[in-house]
Amino acid sequence: MHLARFPRLSLGHFPTPLEPLENLSKLLGGPKIWIKRDDATGLATGGNKTRKLEFLLADGLQKKADIIITQGATQSNHVRQTIAGAAKLGLKAKVLLEKRVTDFGEDYQRSGNVQLDLLLGGEIVAHLPGGTDMQQAMEEYAAELREQGHNPYVIPGGGSNAIGALGYAACAEELLYQSSQQRLRIDHVVHATGSTGTQAGLVAGFTATNSHIPVLGISVRAPKAKQEENVWNLASRTRELLGVPGDLPRETVVANSDYVGDGYGLPTESMLEALHLLAQHEGILLDPVYSGKGMAGLIDLIRKGHFRKDDNVVFIHTGGSAGLFGYRQVFEK
Ligand SMILES: *Cc1c(COP(=O)(O)O)cnc(C)c1O
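Model, not experiment: these values are computed from the prediction.

A. Seen up close, the site of the ligand. Around the ligand sit 17 residues, and of these Lys 49, Lys 52, Ser 195, Thr 198 and Thr 318 come closest. Within the contact set of the ligand, an oxygen atom lies 2.6 Å away from a side-chain nitrogen or oxygen of Lys 52. Side-chain polar atom of Ser 195 to an oxygen atom of the ligand: 2.5 Å apart, as the coordinates give it. Computed on the free molecule, the ligand has an accessible area of 380 Å², of which 98% lies beneath the protein chains in the complex. A molecule is said to occupy a pocket when more than half its atoms come within 2 Å of that pocket's grid points, and by this definition the ligand occupies the largest pocket. Of the residues in the shell around the ligand, the class split is two nonpolar, twelve polar and three charged.

B. Molecular detail of the sheet that holds strand 7 (residues 188–193). Strand order across the open sheet formed by six strands is 1-2-10-7-8-9, with mixed pairing between neighbours. Two strands bound the open sheet, and with one partner strand each, they are strand 1 (18–20) and strand 9 (254–256). Neighbouring strand axes in the sheet, compared pairwise and without regard to direction, differ in orientation by 30° on average. Alignment of strand 8 (residues 215–219) against strand 9, held across three bridges, turns out to be parallel. The partner of Leu 216 across the bridge, within strand 9, is Val 254. Lying over the sheet, helix 9 (residues 224–242) contacts strand 7, strand 8 and strand 9, oriented at roughly 145° with respect to strand 9.

C. Spatial organisation of the domain arrangement of the chain. We note that the domain assignment places domain 1 (18–47 + 161–330) and domain 2 (48–155) within the chain. Taking only C-alpha atoms, the centre of domain 1 and the centre of domain 2 are 24 Å apart. Listed by partner, the interface residues are 36 residues for domain 1 and 28 residues for domain 2. Taking both partners together, domain 1 and domain 2 bury about 2600 Å²; carbon and sulfur atoms supply 59% of that area. Sorting the residues of domain 1 by area buried against domain 2 places Leu 43, Ile 163 and Tyr 264 first, and these three jointly supply 21% of that buried surface. For the interface between domain 1 and domain 2, the tally reads three salt bridges. Asp 107 is the partner of Arg 328 in a salt bridge, and the nearest nitrogen-oxygen pair spans 3.0 Å. The interface formed by domain 1 and domain 2 includes twelve residue pairs in polar contact (both at pLDDT 80 or more). Among the elements of the structure, helix 7 (162–181), helix 8 (197–208) and helix 12 (328–332) are those that each provide at least two residues to the side of domain 1 that touches domain 2. Of the residues that constitute the side of domain 1 that touches domain 2, the class distribution is 15 nonpolar, 16 polar and five charged.

D. Highlighting the nonpolar core. Core analysis: the biggest nonpolar cluster contains 39 residues, and Leu 21, Leu 24, Val 190, Leu 278, Leu 286, Met 295 and Leu 298 have the highest contact counts within it. Contributing elements (two or more residues each) for this core: helix 1 (22–28), strand 2 (32–36), strand 7, strand 8, helix 10 (269–282), helix 11 (291–303) and strand 10 (312–316). Non-local contacts of Leu 298, meaning those with residues more than four positions away in its chain, are made with Ile 33, Val 190, Phe 307, Val 313 and Phe 315. Counting 24 residues, the second largest nonpolar core, distinct from the first, contains Leu 184, Ile 186, Val 253 and Val 314.

E. Examining the packing of aromatic side chains more closely. As enumerated under the stated definition, the model contains four aromatic pairs in all. Relative to Tyr 327, the ring of Phe 104 has its centre 5.1 Å away and its plane inclined at 45°; by these criteria the two rings are tilted. Here Phe 104, found in the loop between strand 4 (92–99) and helix 4 (105–110), pairs with Tyr 327, found in the loop between strand 10 and helix 12; they are 223 residues apart in sequence, far enough to count as distant. Classification of Tyr 327 as buried rests on a relative accessible area of 1%. Seen from their ring centres, Tyr 108 and Tyr 327 are 5.4 Å apart, and the 85° between their planes marks the pair as edge-to-face.

Rules used throughout
Residues numbered from 1 in each chain as written. Predicted model: local features only at pLDDT ≥ 70, side-chain atom pairs only at ≥ 80, totals over all residues. Heavy atoms only, no water. Near = heavy atom within 4 Å. Polar contact = N/O pair within 3.5 Å; in protein donor to acceptor, adjacent residues only side chain to side chain. Areas by Shrake-Rupley, 256 points an atom, 1.4 Å probe, with all protein chains shown as cover. 1 Å grid on protein atoms, 1.4 Å probe; cavity = no way out; pocket = protein on both sides within 12 Å on 5 of 7 lines; lining within 4 Å. Sits in = over half its atoms within 2 Å of the grid points. Nonpolar A, V, L, I, M, F, W, Y, C, P; charged D, E, K, R; others polar. Pairing = 2+ DSSP bridges. Helix = DSSP H or I, 4+ residues; strand = E, 2+ residues; numbered from the N terminus. Axes fitted to C-alpha atoms, helices over the stretch in contact; angles between N-to-C directions. Contact = heavy atoms within 4.5 Å. Domains from an automatic or database assignment. Buried area = accessible area lost by both parts, 1.4 Å probe. Salt bridge = Lys/Arg side-chain N within 4 Å of Asp/Glu carboxyl O. Core = buried A, V, L, I, M, F, W, Y, C linked by side-chain atoms within 4.5 Å. Buried < 20%, exposed > 50% of the residue type's maximum accessible area, 1.4 Å probe, protein only. Phe/Tyr/Trp six-rings, centres within 6.5 Å; stacked < 30°, edge-to-face > 60°.

Spelled out as structure tokens, the structure:
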């Protein structure tokens, strides 16, 4: 694996800190929980998409794009970070949003990430009904722009293609380096998984380096079998892009979909408990859609004895706290 062969911009603050969660570990009675602060990547309140965008936007620049296009749910962290990255490059970002969640009123539609999208100079060209084929809508919009003489660079939802996933192959390398520096044996990595680029990149990176660190993705949307299939497909394509020989063993891709609740972006009791625990015992802000459910899964699995007491478990905080403001209603109940 030789990541320096790929074009890459510098958009964030790396390496992100890898820190112990002393209070939470004590509260739960072990294992030792560590947090990888990818919420602190620094790009307009940060988050995991920044790593992907370093490779994606570099590819866009190389292809001489004059407009960046992407899509996501109303409170998409990916859309916010994409607009911020484009702003730094002096490029206009035009985005399509999907009303995938409709239950949380005015704040959800306009505050949080949506407010930041506009502040960062993004143009919301459409706010489409839930269930719209967003990839298709985006391709049609890109075709329109091309007819007008533009050269748009289209970034898929969540930045999850093989180029974007390189960002998390780089994170796997970064974790291995920190593990050596801090003399920390990492037994498990756990994080929230959605559009799959994060887990696919990590699995590609850890397998390409023969480090055998197991990664567990806590799904925020898709059922287990589907999520594992999607992650495996993207991880395989990412390995191919990296020139890693051989097929990716199926068992390296593990997802758990027990913490989705009623659906994407819909609050659960365990998510709310996780948010309050991390806020009030560690001073760390999680988010309601991704990292909150990911941490809820980790906490529940710890309580069920899934890990050994002396394991070192690294939770990747993928960001998203800007979305908290879209969910004010949920916290006032
Ligand atoms: C997008 C996102 C994820 C999920 O990452 P994927 O690469 O889409 O699986 C997790 N947490 C936050 C805060 C996100 O914005």
